[in-house]
Amino acid sequence: MSAPSRRDFLRTSGMLVVGVSAASVAGADSLGLAAGQRTAGAQGPGPYPDVDFRQLDSWIVVRADGTATFHVGKTDLGQGTGTAFRQIMADELDIAYDKTSCVMGSTDVTVDQGGSGGSDALQTDGWPMRRVAAEARRVLLEMASSRLGVPVEGMVVSDGVVSAAADPSKRVTYGELIGGKRFNVTLSGANVDATTGVAPLKAVQQLKIVGTSPQRYDIPPKVDGTAKWAVDVKLPGMLHARNVKPPVAGATLVSIDESSVRGVPGFVKVVSQGNYVAVVCEREEQAIRAARQLKVNWKKPATAPFPASEDLFTYMRSATPTSAAKPVIVGDPDAARAGAARVIEADYDVPFQGHTAIGPAHATADPRNDQLTIYSNDMKSYGLRNGVARFLDMPRDRVRVVWMEGPQAYGRTAADDAGFEAALLAKELGRPVRVQWMRQEETAWDTKGPAYAVRMRGALDTQGHVVSLEYDARAADHNHLGYNEFDTVLVAQLTGRRKAQPAAGRASYPSDMYAIPNRRMSGSVVPLPLVWETPLRTGNLRDPDGPQVTFASESFIDELAAAAKADPVAFRLQLLTAARDDDGGFRRARSIACVKAAAEKFGWDPRPSPKPRDSGDILTGRGIAYAYRSQTIAVEIAEVEVNRRTGHVWVRRLVCAHDCGLVVNPEGLRRTIECGMLHSLSRALHEEVRFDTEKVTSVDWITHPTLTHADTPGVIDVVIVNGDPNPSRPDLPHYGAGETVCKPMLAAVANAIFDATGVRIRRVPFRDARVLAALKAAGV
Amino acid sequence: MSTIKLTVNGEARTVEAEPSTPLLYVLRNDLDLRGPRFGCGLGQCGACTVLIKGEAVRSCVRPVSSVQGAEITTLEGLARGGVLHPLQQAWIDEQVPQCGFCQNGQILTAKALLDRNPNPTDAEIREGMSRTLCRCMTYYRIQAAIKRAATAMQSTRSGNQEVR
Ligand code: FES
Ligand code: FES
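Parameters and conventions
- Residues numbered from 1 in each chain as written.
- Chains lettered and ligands numbered in written order.
- Predicted model: local features only at pLDDT ≥ 70, side-chain atom pairs only at ≥ 80, totals over all residues.
- Heavy atoms only, no water.
- Pairing = 2+ DSSP bridges.
- Helix = DSSP H or I, 4+ residues; strand = E, 2+ residues; numbered from the N terminus.
- Axes fitted to C-alpha atoms, helices over the stretch in contact; angles between N-to-C directions.
- Contact = heavy atoms within 4.5 Å.
- Salt bridge = Lys/Arg side-chain N within 4 Å of Asp/Glu carboxyl O.
- Buried < 20%, exposed > 50% of the residue type's maximum accessible area, 1.4 Å probe, protein only.
- Polar contact = N/O pair within 3.5 Å; in protein donor to acceptor, adjacent residues only side chain to side chain.
- Buried area = accessible area lost by both parts, 1.4 Å probe.
- pLDDT = per-residue confidence, 0-100.
- Domains from an automatic or database assignment.
- Nonpolar A, V, L, I, M, F, W, Y, C, P; charged D, E, K, R; others polar.
- Expected span 1.5 Å × (residues − 1).
- Right-handed = clockwise from strand over helix to strand, strands pointing away.
- Core = buried A, V, L, I, M, F, W, Y, C linked by side-chain atoms within 4.5 Å.
- Parallel < 35°, antiparallel > 145°, perpendicular 65-115°, else oblique.

All names here are of chain A. Taken in spatial order, the 3 strands line up as β4-β5-β6 in an open sheet, and their pairing is antiparallel. In the strand order of this sheet, the two ends are held by β4 (155-158) and β6 (171-173), each with one partner. Neighbour-to-neighbour, the strand axes of this sheet turn through a mean angle of 20 degrees, independent of strand direction. Where β4 meets strand β5 (residues 161-164), 4 bridges bridge the pair, whose relative direction is antiparallel. Directly across from S158, in β5, lies its bridge partner V161. Against the sheet, helix α3 (residues 121-148) engages β4, β5 and β6, with an angle of about 125 degrees to β4.

Okay, structure coming up:
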């Protein structure tokens, strides 16, 4: 279908852009819904009871002009899920895409689908959306039937117009049937994911909008400056706050000298509870100045909170674990290893890496009328609402979260923490408060993906077949944070509210379909000395653990291939085809299809790695890696240039073969894959959170470098694969996309560096100095 | 507080602020502009970029008193007569943004780049844009969009010449 015009964009996106002047930020009111079309009790100044997912009116509003708005309990972090939701729902409803809009993730106007997370927006949440849209179509057809006096079977629907098949002059539009009125249809389902009416879904072959690429409706306002973000919220009487964090991890507050800031223009208050300190001022720049100027006396902890980052992996390998993952054992790996022709071992290290959002954490809270409204970009708005209610001992229906767009939020970010801080401060001040973290605070204190130290061991027989493979991980993931927990968010920790038992954390395993006769996977979690109030707090970071785990496992498969003098693609295919069994989603068949598709797109010529070394300064090579996540498969090939004089690595080409089942919006998917791969490439080449024995020393974009324009590959090829052995099955599912592609990249690049240089880099990131040192040590 | 006179997107504006206040906060909080955004406050990321005399300037480290009288253009001021700038159009055509938070800086930095060098090579684009960060990693599409806009602007220019 043709792309909607710019005017359509403005019209539909206008539905989404929440007005942020005080008068208009009122949930459903500001979303332009006519009176009588909202779900009972879910509008106006509160209270804000949960939106009832068993009411069709909670999901779909059709207006007299024939336009429809879909209300979904998800948030779009910039991957275009909102556009995809409109596509799948418009398709089931039989209405033109341009006539639809989508409202997302605000707790008082959308059902609780949990916000975002797990790349399951389409895999899980898309199903109830399709079912309710199909149900709305069914109800509208029945209404048309009685209005036109034609049996339902005798009618056709196209773009929101119902007509008699035998007599097209008998017609009525959706707008005429329901515009301005409620459906009043009750749905069923044990939980929101199971929500359903009685209408069947369309078979894949009947879908028309799914599989096309309408442009994202959220992009025009993002490029012309009209988009309103959570950072833009302004309320009458609003104050600005900045935090004052302990300068040393684990320090305790002794005293505050408030006179140090009383002279700052606009100064309002210092708020301190336990070790939490914030300064509140009338204007933003005043709060920044006051937070810098405030004199606070801190007492350092008696013992060091953590080892310095250069000692981290030694520490992790010798620390006593706090918990262990359940081992997975296939066959008898010990016996197989003992009888093998060749045994290879290697250790892989991945440091702590952070979210380090481009815009630091922020939120604005409005405490008026004994209620609390929080404006936030937190991807899990419902959890934020529940957590804040618990934290401040308020009834849940007196708290709402208005979700608005913000900087990237791929997992458990500090947006959770800022939401709670804004709520606490607004309650304390009795006025709306906007809080925002500073850059150094964000980079040092946001949640981290855990560091991993992995030992791999593999054994080959005389023909070079893998007879055993062992994986043992140590993850620095003790006290892994959940989302929006009232007793683990940072302000809770600093004010002394915390769980009796820290969360166990986890040590994750690789995901592959390799058939290896003897295999062991084991892992344990090791603690750092400081468990609470630490900047090295771990939480989910885009594809939690996947990049770390897959770096070890897929680098090591390459090491085994090199030891067997086998081509890395052929070696993997042989491991994948060594078994024939498959699961319900054909994960093995689709893995094989993706490896083949990636190799073909790249133009892979079969040979073992490393290749004979080039003679000039620039050494080139290619590397492959593969993983799956849930039912989504990703195979990536990186082609690198390694400068042997500087150690600089440039990935000049990337290929990804990707199978996530039924694709809703191919162009949107391509960009999600491209950007996800580059995020992981940034983690491969640049990212590491460094610290001394007192504090994090990665505090800005100099001390915490990230991928830049200069690093961008010249070519990125994405191959969208449908490896389903029966691609015409009528219920071909839409699996998730996003996080899967984060897994293979680190190994793909390391494998390419090995191919180019013969040198194996087993420690992330591959910054120039590390690569150069390794090349020198190997005499390259 | 002092009275500060600014020209923003062609309009004369007067604000009350401390002279040392970074321009960014005045634009956002006093003039209600949403294009420039806080990313680092350190001049390292580009999220706060505005155009002053054709240069991409980081407003988070520019005191408001130093830009009195200068012509300041923000993202909001790029479109002319309701028509998007070719860069903005290219951003839509290439479907560049993910979250979009950095794109103000990307578009305005690209504008300054193309004003200096209307037909940049791939290497010049990489180099010219390298200090403007995107944590969603939309770089590949940004670079494609810059090339697309450069082509569009060139054909407009040659079209105009023919008319003359
Ligand atoms: S916010 Fe100004 S450069 Fe980062
Ligand atoms: S698009 Fe999200 S930071 Fe650039």
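Right, picking up where we left off after that structure.
The next point concerns the pattern of salt bridges. Residues and elements named next belong to chain A. Under the counting rule described, the total for this entry stands at 77 salt bridges over all chains. A salt bridge links R671 to E667, with the nearest nitrogen and oxygen atoms 2.8 Å apart. Of this pair, R671 and E667 both sit in helix α17 (residues 666-685), 4 residues apart, which is roughly one turn of that helix. Residue E667 is classed as partly exposed on the basis of its relative accessible area of 31%. Here the salt bridges do not stand alone but share partners, grouping D334, R337, E345, R457, E470 and R520 into one network.

Below, the discussion takes up the side chain of A:T212. Mapped onto the elements of the fold, A:T212 is located in the loop between α4 (174-178) and α5 (219-224). One polar contact links the side chain of A:T212 to the main-chain carbonyl oxygen of A:I209, over a distance of 2.6 Å.

Before going further, it helps to examine the interface of chain A and chain B. Each side of the interface is counted separately: chain A has 65 residues, and chain B has 52 residues. A buried area of about 5100 Å², summed over both sides, lies between chain A and chain B, and 56% of it is on carbon and sulfur atoms. When the buried area of chain A at its contact with chain B is split by residue, A:V223, A:I358 and A:H709 rank highest and sum to 17% of it. Our count for the chain A to chain B interface comes out at 5 salt bridges. Linking A:K234 and B:D32 is a salt bridge whose minimum nitrogen-to-oxygen distance equals 2.5 Å.

The next thing to look at is the confidence of the model for chain B. For chain B, the average pLDDT comes to 95, and 97% of its residues sit at 70 or higher. In the model output, the complex is listed with pTM 0.94 alongside ipTM 0.96.

Three- or four-residue spacings in an α-helix give side chains the same orientation, since the helix completes a turn every 3.6 residues. Listing the buried residues of helix α2 (residues 86-93) of chain B in full gives B:L87, B:Q88, B:A90, B:W91 and B:I92. Immediately downstream of α2(B), the backbone of B:Q95 shows phi near 55 degrees, a positive value.

With that settled, the discussion passes to the domain arrangement of chain B. Residues and elements named next belong to chain B. Domain parsing of chain B yields domain 1 (2-76) and domain 2 (86-157). Here the C-alpha centre of domain 2 lies 22 Å away from the C-alpha centre of domain 1. Counting residues at the interface gives 20 residues for domain 1 and 13 residues for domain 2. Between domain 1 and domain 2, the buried area comes to about 1200 Å², and carbon and sulfur atoms account for 54% of it. Looking only at domain 1, the three residues that lose the most surface to domain 2 are R37, L51 and L75, adding up to 40% of its buried area. The tally of links from domain 1 across to domain 2 stands at 0 salt bridges. Taken together, domain 1 and domain 2 are joined by 9 residue pairs in polar contact (both at pLDDT 80 or more). Going through the elements one at a time, β3 (49-52) and β4 (55-58) are the ones with two or more residues in the side of domain 1 that touches domain 2. Class assignment for the residues of the side of domain 1 that touches domain 2 results in 9 nonpolar, 8 polar and 3 charged.

Looking now at helix α3 (residues 103-116) of chain B. All names here are of chain B. Counted at 1.5 Å a residue, the expected span for α3 with its 14 residues is 20 Å, and the 20 Å between its end C-alpha atoms agrees. Among the 14 residues that make up α3, 12 are buried, leaving the element largely enclosed by the rest of the structure. Of the positions making up α3, those classed as buried are Q103, N104, G105, Q106, I107, L108, T109, A110, K111, A112, L113 and L114.

A few words now on the pairing of strand β27 (residues 715-720) of chain A. All names here are of chain A. Pairing between strand β26 (residues 649-659) and β27: 6 bridges, direction parallel. The residue bridging C656 from the neighbouring strand is V718, located in β27. In this fold, β26 hands off to α17, which returns the chain to β27; that crossover is right-handed.

Next up on the list: unusual backbone geometry. Across the junction of A:S609 and A:P610, the peptide omega takes the value -5 degrees, indicating a cis bond. Among the secondary structure elements, A:P610 is positioned in the loop between α16 (587-602) and β24 (618-629). In this structure, the amide linkage connecting A:V764 to the following residue, A:P765, adopts the cis form with an omega of -5 degrees. Of note, B:N9 is a non-glycine position whose phi angle comes to about 50 degrees, a positive value. Its place among the elements puts B:N9 in the loop between β1 (2-8) and β2 (11-17). Residue class for B:N9 comes out partly exposed when judged on its relative accessible area of 28%.

This part covers the sheet that holds β3(B). Residue and element names in this part refer to chain B. As summarised here, the arrangement of the 5 strands in space is β2-β1-β5-β3-β4, forming an open sheet in which the pairing is mixed. Bordering the open sheet on either side are β2 and β4, each of which pairs with just one other strand. Pairwise comparison of adjacent strand axes, ignoring direction, gives a mean angle of 45 degrees for this sheet. Here β1 runs beside β2; their pairing, made up of 7 bridges, is antiparallel.

Residues and elements named next belong to chain A. Locating I178 in the fold gives a position in helix α4. Judged by its relative accessible area of 2%, I178 falls in the buried class. Considered as a pair, I178 and L140 are 38 residues apart in the sequence and their alpha carbons are 7.6 Å apart. Excluding anything up to four places from it in sequence, I178 contacts V62, L140, M143 and F183.

Here we come to the confidence of the model for chain A. Taken as a whole, chain A shows an average pLDDT of 93; of its residues, 94% reach a score of 70 or greater. Between residues 1-43 of chain A, whose pLDDT stays under 50, and residues either more than four places distant or in other chains, the model counts 102 contacts.

Glancing now at the nonpolar core. Soluble globular proteins tend to bury their nonpolar side chains together. All names here are of chain A. One finds L560, V749 and F766 to be the most contacted residues of the largest nonpolar core, which totals 111 residues. Residue contributions to this core peak at 9 residues, all from helix α18 (residues 745-757). Core analysis: the next-biggest nonpolar cluster, separate from the first, contains 55 residues, V388, A451, F486 and L536 among them.

Attention now goes to the packing of helix α14 (residues 546-563) of chain A against helix α15 (residues 568-577) of chain A. Residues and elements named next belong to chain A. Where α14 contacts α15, the axes come no closer than 9 Å and their chain directions differ by 105 degrees. As far as their axial angle goes, α15 and α14 are roughly perpendicular. Counting all contacts with α14, which are made through E554, I557, D558, L560 and A561, the residues of α15 involved are P568, F571, R572 and L575.

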